[in-house]
Amino acid sequence: MKSDYIKIFPIFNEESLLKGSWQREDKAEELKITSIFDTGLLEVDYYVGKRVIIEKAGWTNSSNVLRIFVFFTQEEKTGYGLILNYLPEKDLLVGVYIDGVTDTSFKVVFKRNK
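Counting of residues starts from 1 at the beginning of each chain's written sequence and follows it residue by residue. Residue-level local features of this predicted model are given only where pLDDT is at least 70; pairs of side-chain atoms are given and counted only at 80 or more, and the full residue set underlies all totals for whole chains, interfaces and linings. Side-chain metrics rest on all non-hydrogen atoms present in the structure, leaving aside hydrogens and water.

### Concerning the overall build of the protein chain
Alright, step 1. Along its length, the protein chain carries two helices and eight strands.
Alright, step 2. The N-to-C order of helical and strand elements in the protein chain reads α-α-β-β-β-β-β-β-β-β.
Alright, step 3. Per-residue burial over the protein chain gives 39% buried out of 114 residues.
Alright, step 4. In this analysis, two residues are considered to be in contact whenever any of their non-hydrogen atoms come within 4.5 Å of each other. When contacts within the protein chain are restricted to residue pairs at least 6 apart in sequence, long-range pairs at least 24 apart make up 31% of them.
Alright, step 5. If you sum the accessible surface of the protein chain, you get close to 6700 Å²; carbon and sulfur atoms cover 53% of it. Secondary structure elements follow DSSP: runs of H or I of four or more residues count as helices, runs of E of two or more count as strands, with numbering from the N terminus. Each residue is placed in one exposure class: buried if its accessible area under a 1.4 Å probe, protein chains only, is under 20% of its type's maximum, exposed if it is over 50%, and partly exposed if it falls in between. Computed with the Shrake-Rupley method and a 1.4 Å probe, the accessible areas treat only the protein chains shown as cover for residues.

Here it is as structure tokens:
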């Protein structure tokens, strides 16, 4: 699953590109990516004022785009999710937030906490 970023910049790997703490730009929500596995799974925590229950989290590298997905339960309601693309030129995670209650989605941006 090695990306073209890795071929161009061999000192980087998916772990160094994705691992870390990410802050949502429009809300006090934090995504922490703690482990990246070659199997395509991720170990993450997501805080929305409190920690939510992660149902499934993973990553892919398709068409030279590094993507992550996180599906979670919030306040005992399922169906919430994040589907994010990594933008290396800006060091951002950009994508959609899926609201499990209203079944709607909207654009979100996460910046890396430094």
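Additional details are given in the paragraphs that follow.
### Description of the pairing of strand 2 (residues 30–36)
Sheet faces and side chains relate simply in a regular strand, where the side chains alternate between the two faces.
Alright, step 1. Relative to strand 2, strand 1 (residues 20–24) runs antiparallel, the two being bridged by four bridges. Bridge pairing in strand 2 places Gln 23 opposite Glu 30.
Alright, step 2. By this definition, two strands are paired if DSSP reports at least two bridges between them. Counting the residues between successive antiparallel strands, the hairpin from strand 1 to strand 2 contains five residues.
Alright, step 3. For strand 2 and strand 3 (residues 42–47), the ladder comprises six bridges, and the chain directions are antiparallel. In the strand pairing of strand 3, Ser 35 is matched with Glu 43.
Alright, step 4. Linking two consecutive strands that pair antiparallel, namely strand 2 and strand 3, is a turn of five residues; a positive phi of about 95° is found at Gly 40 within it.

### Remarks on the nonpolar core
Alright, step 1. Buried Ala, Val, Leu, Ile, Met, Phe, Trp, Tyr and Cys residues form a nonpolar core when they are joined through side-chain atoms within 4.5 Å. By size, the foremost hydrophobic cluster in this structure holds 24 residues, and its most contacted members are Leu 18, Leu 31, Ile 33, Ile 68, Leu 82, Leu 93 and Phe 110.
Alright, step 2. Elements with a contribution of two residues or more to this core: helix 2 (14–18), strand 2, strand 3, strand 4 (53–62), strand 5 (65–74), strand 6 (77–87), strand 7 (92–99) and strand 8 (104–112).
Alright, step 3. Residues contacting Leu 18, with those up to four places away along its chain left out, are Ile 33, Ile 36, Trp 59, Leu 66, Ile 68, Tyr 86, Leu 93 and Arg 112.

### Topic: the side chain of Thr 73
Alright, step 1. With respect to the secondary-structure elements, Thr 73 resides in strand 5.
Alright, step 2. By relative accessible area, which is 14% here, Thr 73 ends up buried.
Alright, step 3. For Thr 73, the side chain forms a polar contact with the side chain of Glu 55, separated by 2.3 Å.
Alright, step 4. Those residues in contact with Thr 73 that lie beyond four places of it in its chain are Val 52, Ile 53, Glu 55 and Thr 78. By the criterion applied in these results, polar contacts are pairs of N or O atoms within 3.5 Å in which, for protein atoms, one can donate a hydrogen and the other can accept it, and in which residues neighboring in sequence qualify only through two side-chain atoms.

### Focus on the pattern of salt bridges
Alright, step 1. Any carboxyl oxygen of Asp or Glu within 4 Å of a side-chain nitrogen of Lys or Arg constitutes a salt bridge here. Using the criterion set out here, one finds three salt bridges in the structure.
Alright, step 2. Ionic pairing is found between Arg 24 and Glu 29, a salt bridge with its closest N-O pair at 2.9 Å.
Alright, step 3. Take Arg 24: its relative accessible area is 2%, and that puts it in the buried class.
Alright, step 4. One salt-bridge network, in which partners are shared between bridges, spans Arg 24, Asp 26 and Glu 29.

### A closer look at the sheet that holds strand 3
Alright, step 1. Read from one edge to the other, the open sheet built from eight strands follows the order 3-2-1-8-7-6-5-4, with strand pairing classed as antiparallel. The sheet terminates laterally at strand 3 and strand 4, the two strands that pair on one side only. Strand after strand, the sheet turns through a mean of 25° between neighbouring axes, direction not considered.
Alright, step 2. Examined bridge by bridge, strand 1 and strand 8 share three bridges and lie antiparallel to one another. Along strand 8, the bridge assignment pairs Arg 24 with Phe 110. In this description, a line fitted to the C-alpha atoms serves as the axis of each element, helices being fitted only across the stretch in contact, and the angle between N-to-C directions of two axes falls anywhere from 0 to 180 degrees.

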